[in-house]
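Working through the structure, step by step
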Amino acid sequence: MLKLDPIPETPLILAIAGGSCSGKSTLAAYLRDYIGADNCRLVRQDDYYHDIRERGGSPMVNFDVPEALDFDLLRDNLLAFKRGESVALPSYDFTTHQRRTPTEPRTPRPVIIIEGILLLDQPDLREVFDHSVYMRCAPELRLSRRLERDTTERGRTREDVLRQFHGQVEPAHQAYVSPSQVHADLAIDQTEYISDMTGVVESVVALVNKGS
């Protein structure tokens, strides 16, 4: 476990952005383990998708554009954590594309890690983040990971995954996600991420400590 030095009195918010299946969730989990679960709270941008029933009810709507997400609620929740308040975080079901009942209120912790594809595209959110990381990953690798995830975990067919990736995911990546990396404090290449996860985690913790 790597220590925060010092433990921040006001929660610090670390954003991890990057393309779909670029490794954001895995990095966030490693960071939680290194920092310690008692000092870290994970938040997922994906839980802030609008309920599909509010978007016409069709599963073919685009989930990779900013309007698919409730960024106002996300910003409000992160600011509440910064004020030391507990938050009932939303929860999203990817098999039904609907919001579940919100979680029981979660208390803030010294470091709040939020991960998601469009975080650095949003100016109002960037104002809330204390630190930010962008995960660089080639489209071929992101697609292979997404195929594995969506067919095994989300009940999608290979044809549906390919159609969505080429028709929505990658165009949105080029339009919104990739350009947003200019706002990151630290960019991590996939070769470094795969070959030296410990070194990547240490560099991110050093970034957090530098500004704590």
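Heads up: these notes are all about the structure in this document. Here the structure is a predicted model, which is why all the values come from computation and not from measurement. (Residues numbered from 1 in each chain as written. Predicted model: local features only at pLDDT ≥ 70, side-chain atom pairs only at ≥ 80, totals over all residues. Heavy atoms only, no water.)

1. Side note on the pattern of salt bridges
- Taken as a whole and assessed by the stated rule, the structure comprises 14 salt bridges.
- In this structure, Lys 82 engages Asp 130 in a salt bridge whose closest nitrogen and oxygen atoms are separated by 3.0 Å. Taken together, the residues Lys 82 in helix α2 (residues 71-82) and Asp 130 in the loop between α3 (123-126) and β6 (131-136) connect sequence positions 48 residues apart. (Salt bridge = Lys/Arg side-chain N within 4 Å of Asp/Glu carboxyl O. Helix = DSSP H or I, 4+ residues; strand = E, 2+ residues; numbered from the N terminus.)

2. With respect to the environment of Ala 80
- Looking at where Ala 80 falls in the secondary structure, it is placed in helix α2.
- Classification of Ala 80 as buried rests on a relative accessible area of 7%.
- It is 16 Å that separates the C-alpha atoms of Ala 80 and Asp 70, two residues lying 10 residues apart in sequence.
- Setting aside residues no more than four positions away along its own chain, Ala 80 makes contact with Glu 85 and Val 87. (Buried < 20%, exposed > 50% of the residue type's maximum accessible area, 1.4 Å probe, protein only. Contact = heavy atoms within 4.5 Å.)

3. Some words on the packing of helix α4 (residues 139-153) against helix α5 (residues 158-177)
- Direction vectors running N to C along α4 and α5 enclose 135 degrees, while the axes themselves pass 10 Å from each other. Compared by their axis directions, α4 and α5 come out oblique. In terms of crossing hand, the pair formed by α4 and α5 is right-handed. Along its contact with α4, which presents Pro 139, Arg 142, Leu 143, Arg 146, Leu 147, Asp 150 and Thr 151, the element α5 presents Arg 158, Val 161, Leu 162, Gln 164, Phe 165, His 166, Val 169, Glu 170 and His 173.
- Of the residues assigned to the contact of α4 with α5, the class counts are 7 nonpolar, 4 polar and 5 charged. (Axes fitted to C-alpha atoms, helices over the stretch in contact; angles between N-to-C directions. Parallel < 35°, antiparallel > 145°, perpendicular 65-115°, else oblique. Left-handed = near helix turned anticlockwise from the far one by under 90°. Nonpolar A, V, L, I, M, F, W, Y, C, P; charged D, E, K, R; others polar.)

That is the geometry; function is a separate question.
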